[in-house]
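Here is what each chain is made of, one letter per residue.
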Amino acid sequence: FIVILQVSTDSQITEGSNIKDNKKFIYKVIKDFAKANPNVNLVFKHHPRDRGYTNYLNLIEKFSKEFGVYKKVFYIHDFFLSKLFQNSNCKGAVLINSTVGYQSLYHSVPVKSLGITPYNIRGLTDQRDLISFFKNPSTVDKLLLNKFYKYLLENSQINGNFDGFFP
């Protein structure tokens, strides 16, 4: 399972979730992962825009030791998620509210959102509790995803991004 961390000051945490910081998010995810006790690993992915500002290694190590899953929990930086989703056996993605949710769904990787997300819809994301998700993640309904994607393109998106040239 991959866990997507937000920028520590992101409004998706402070305003778009009942979980108000990454520390609480990390704690909950590790605690529920330990309760589910799956025979897989849990990988936390640092947000690239939070690099140099926060480091969660000590916190992740502390919580994973506390819950007895230290050897199953990892923390990564600067890794292309598309490669992870395409070339691995990723069981699911856990996040608060991230655009990674769209990428996960596109690659048919099950998603558990703990925040307010536009794609948190039955059939796209797992609607059960996090422990159940870790035990047996719901599959992505590809037909629903295609309809949702088409709706987004037609009603809310323009072509461009904030990181490159934008005409």
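Everything discussed here concerns the structure shown above.
Only a predicted model underlies this, so the values are computations on that prediction, with no experimental measurement involved.

J.: Looking at this model, I keep getting lost on the overall build of the protein. Mind explaining?
T.: Looking only at helices and strands, the protein has seven helices and five strands in total. Against the compact-globule benchmark of 15 Å for 167 residues, the protein has a radius of gyration of 16 Å, which places it among compact chains. Across its three principal directions, the C-alpha atoms of the protein cover 50 × 35 × 30 Å. Per-residue burial over the protein gives 41% buried out of 167 residues. Taking the contacts inside the protein whose residues are at least 6 apart along the sequence as the reference set, 56% of them involve residues at least 24 apart. About 9,900 Å² of surface is accessible on the protein, with carbon and sulfur atoms providing 52% of the total. Counting 22 positive and 13 negative side-chain charges, the protein places the centres of these two groups 6 Å from one another.

J.: So what exactly am I meant to see when it comes to the pairing of strand 2 (residues 42-45) here?
T.: Side chains on a regular strand alternate between the two faces of the sheet. In strand 2, alternate side chains face the same way, and those of L42 and F44 on one face and V43 and K45 on the other are all buried. Pairing analysis gives three bridges linking strand 1 (residues 2-4) to strand 2, with the strands arranged parallel. Each residue of the ladder has a partner; that of V3, found in strand 2, is F44. Of the pairings in the sheet, the one linking strand 2 to strand 3 (residues 73-76) comprises four bridges and is parallel in character.

J.: When you look at the nonpolar core in this model, what are you seeing that I'm missing?
T.: Soluble, globular proteins show a tendency: their nonpolar side chains are buried together. By size, the foremost hydrophobic cluster in this structure holds 27 residues, and its most contacted members are V29, L42, F44 and F134. Of all the elements, helix 2 (residues 22-36) adds the most residues to this core, at seven residues. Among the nonpolar cores identified, the runner-up in size contains 19 residues, and L95, V100, Y119 and L124 belong to it.

Definitions and cut-offs
Residues numbered from 1 in each chain as written. Predicted model: local features only at pLDDT ≥ 70, side-chain atom pairs only at ≥ 80, totals over all residues. Heavy atoms only, no water. Helix = DSSP H or I, 4+ residues; strand = E, 2+ residues; numbered from the N terminus. Rg over C-alpha atoms; globule rule 2.2 N^0.38 Å. Buried < 20%, exposed > 50% of the residue type's maximum accessible area, 1.4 Å probe, protein only. Contact = heavy atoms within 4.5 Å. Areas by Shrake-Rupley, 256 points an atom, 1.4 Å probe, with all protein chains shown as cover. Lys, Arg positive; Asp, Glu negative; His and termini not counted. Charge placed at Lys NZ, Arg CZ, Asp CG, Glu CD. Pairing = 2+ DSSP bridges. Core = buried A, V, L, I, M, F, W, Y, C linked by side-chain atoms within 4.5 Å.

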